[in-house]
Amino acid sequence: MTVDDANAGDGTEPTANPTPEPPTYPTPHHEVDHTAEPSDDPLAIRLEQLILGADRRYTPFQAARTAGVSMELASRFWRAMGFADIGQAKALTEADVLALRRLAGLVEAGLLSEPMAVQVARSTGQTTARLAEWQIDSFLEGLTEPPEPGMTRTEVTYPLVELLLPELEEFLIYVWRRQLAAATGRVVQAADDEEMVDRRLAVGFADLVGFTRLTRRLEEEELGELVEAFETTCADLVAAHGGRLIKTLGDEVLYCADDPGTAAEIALRLIETLGHDETMPALRVGIAFGTVTTRMGDVFGTTVNLASRLTSIAPKDAVLVDGALAAELSRTGDAPASEAEAAEEAARAEKEGRQAATYRFALQPMWQRPVRGLGVVEPWLLTRRPN
């Protein structure tokens, strides 16, 4: 008896002693609207077949059994990838079976533990889900506006997706490989295994001031354009100056850098660049330096919390840093340990006819103050030192 014979669900009589069909399990769903049942719309089905490259063939139980994976593990993988429940509808393809085999094969070969394989599924699902939503909402939606009166978006969408799909797929693989190469390089340069997970990083938060008031005043389209401009500017500046963008939260950006001087330079560039944009609200940035736990592309720990708190107390269009980052900037020669001593040294150098030490940044101690959950901290105001 074949898997299809036992689970076809088409009204035919089953053979003797069929394999009992299990109850409903959480299973994947490829539709954009994430409803519980697959769409029967002809265009939606055609687009699904075009994008997935295969017809619907399996129920979730059939897919798991064909892949040689338990239904429980298949459900865990599908949940991790962010796919919605579809009961036991026949909506899965050969690609779904192959994906299950690959993940399970990595576990069986000992290359990944089962929890780690689930993490791989979850991180990939979360990242690509956001990418797919962005491409549909911001990219394809604009391009599929009917070019001529009388044409429907339906008549435009299919051929456009057919043309774009291979190009976008190749570009996605290219970017992923470049990012993977960069991340791997950082890992192999770590001092030891422990440093791969718990690392000393400079973490910065950049936050738009008065964003909540803006949401009540601006039209939705204007607000969307402002957020997109903010995120784009921040992403470009962080990448250009050697930092890593961790995530964006509408009115807030989280980034990190291995070098405190890099993090400080990015913060001041953000203030300077956005300060010249009259459409942007004021910006404030907080940076902390210390041990950070990295997981699934995100960062956690006291250092991250401190950077967030410093941002909340920073003045408009200003950068506050913690004592650890201030000390590191002084140690590396990016900022003087004391402005008074730096001034005295400059005077002596001028008198002796030699070149005085130059610094990129200036640090000014601020009043100590209690910070919720972190005790008393002494923030430092970071500014760019005049040439």
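Bear in mind that the values here come from a model prediction, so they are computed numbers and not experimental data.

Caption draft 1: Expanded view of the pattern of salt bridges. Taken as a whole, this structure holds 17 salt bridges when the rule is applied. The closest approach of N and O atoms between Glu114 and Arg76, which form a salt bridge, is 2.5 Å. Of this pair, Glu114 sits in helix α6 (residues 114–143) while Arg76 is found in helix α4 (residues 71–81), placing the two residues 38 residues apart along the sequence. Across the salt bridge formed by Arg360 and Glu265, the nearest N and O atoms sit 3.7 Å from each other. Of the two residues, Arg360 sits in the loop between α14 (339–352) and β7 (361–365) while Glu265 sits in helix α11 (residues 260–275), which places them 95 residues apart along the sequence. Salt bridges sharing common partners tie together Glu265, Arg269, Glu272, Asp334, Arg360 and Arg384.

Caption draft 2: Looking closely at the packing of helix α3 (residues 60–67) against α4. One can describe the packing of α3 onto α4 by two numbers: an axis separation of 9 Å at closest approach and a directional angle of 110°. Here α3 lies roughly perpendicular to α4, going by the angle between them. Contact residues: α3 offers Pro60, Phe61, Ala63 and Ala64, while α4 offers Met71, Ala74 and Trp78. Residue composition of the contact of α3 with α4, grouped by class: seven nonpolar, no polar and no charged.

Caption draft 3: Structural detail: unusual backbone geometry. Unusually for a residue other than glycine, Asp317 sits at a positive phi of about 50°. With respect to the helices and strands, Asp317 occurs in the loop between α12 (302–313) and β6 (318–321).

Caption draft 4: Up close: the packing of aromatic side chains. Within the structure shown, the criterion is met by one aromatic pair. Ring geometry for Phe171 against Tyr174: centres 6.0 Å apart, planes inclined by 40°, an arrangement best described as tilted. A residue pair is termed a helical-turn pair when its members lie 3 or 4 positions apart in one helix, as Phe171 and Tyr174 do in helix α7 (residues 153–188) at three residues. A relative accessible area of 48% places Tyr174 in the partly exposed class.

Caption draft 5: Fine view of the environment of Asp251. As for its position among the elements, Asp251 is in the loop between β2 (244–248) and β3 (252–257). Between the C-alpha atoms of Asp251 and Thr212, which are 39 residues apart in sequence, the distance is 9.0 Å. Setting aside residues up to four positions removed in sequence, Asp251 forms contacts with Ala206, Asp207, Leu208, Phe211 and Phe230.

Caption draft 6: Representation of the environment of Gly375. Following the sequence through the fold, Gly375 ends up in strand β9 (residues 375–377). Aside from chain neighbours lying at most four places away, what touches Gly375 is Arg369 and Pro370.

Caption draft 7: Seen up close, the side chain of Arg199. Relative to the helices and strands, Arg199 is located in strand β1 (residues 198–208). Only 3.0 Å separates the side chain of Arg199 from the side chain of Asp258, close enough to count as a polar contact.

Caption draft 8: Broad picture of a nonpolar patch on the surface. A cluster of nonpolar side chains, Phe171, Tyr174 and Val175, forms an exposed patch at the surface whose accessible area comes to about 300 Å². Here Val175 shows up in helix α7.

Caption draft 9: Just the nonpolar core, in detail. Tyr255, Leu283, Val285, Ile287, Val319 and Leu382 are the most contacted members of the largest nonpolar core, which totals 37 residues. Considering each element in turn, this core owes the most residues, eight residues, to α11. The next biggest cluster of nonpolar side chains, apart from the first, holds 24 residues, and it includes Leu73, Ala74, Leu112 and Val118.

Caption draft 10: How the structure looks around a negative patch on the surface. A cluster of acidic residues, Glu219, Glu220, Glu221, Glu222, Glu225 and Glu228, forms a negative patch at the surface. Tracing the backbone through its elements, the reader meets Glu228 in helix α10 (residues 220–240). A residue is classified by how much of its surface remains accessible, and Glu228, at 46% relative accessible area, is partly exposed.

Caption draft 11: Region of the structure containing the pairing of β3. A large share of β3 lies buried, amounting to six of its six residues. By the alternation rule, side chains of β3 split into Glu252, Leu254 and Cys256 and Val253, Tyr255 and Ala257, which are all buried. By the bridge criterion, four bridges tie β2 to β3 in an arrangement that is antiparallel. Note that in β3 the partner of Lys247 across the bridge is Leu254.

Conventions adopted
- Residues numbered from 1 in each chain as written.
- Predicted model: local features only at pLDDT ≥ 70, side-chain atom pairs only at ≥ 80, totals over all residues.
- Heavy atoms only, no water.
- Salt bridge = Lys/Arg side-chain N within 4 Å of Asp/Glu carboxyl O.
- Helix = DSSP H or I, 4+ residues; strand = E, 2+ residues; numbered from the N terminus.
- Axes fitted to C-alpha atoms, helices over the stretch in contact; angles between N-to-C directions.
- Parallel < 35°, antiparallel > 145°, perpendicular 65-115°, else oblique.
- Contact = heavy atoms within 4.5 Å.
- Nonpolar A, V, L, I, M, F, W, Y, C, P; charged D, E, K, R; others polar.
- Phe/Tyr/Trp six-rings, centres within 6.5 Å; stacked < 30°, edge-to-face > 60°.
- Buried < 20%, exposed > 50% of the residue type's maximum accessible area, 1.4 Å probe, protein only.
- Polar contact = N/O pair within 3.5 Å; in protein donor to acceptor, adjacent residues only side chain to side chain.
- Patch = residues over 30% accessible without salt bridge, like charges linked within 9 Å, V, L, I, M, F, W, Y side chains within 5 Å.
- Areas by Shrake-Rupley, 256 points an atom, 1.4 Å probe, with all protein chains shown as cover.
- Core = buried A, V, L, I, M, F, W, Y, C linked by side-chain atoms within 4.5 Å.
- Lys, Arg positive; Asp, Glu negative; His and termini not counted.
- Charge placed at Lys NZ, Arg CZ, Asp CG, Glu CD.
- Pairing = 2+ DSSP bridges.

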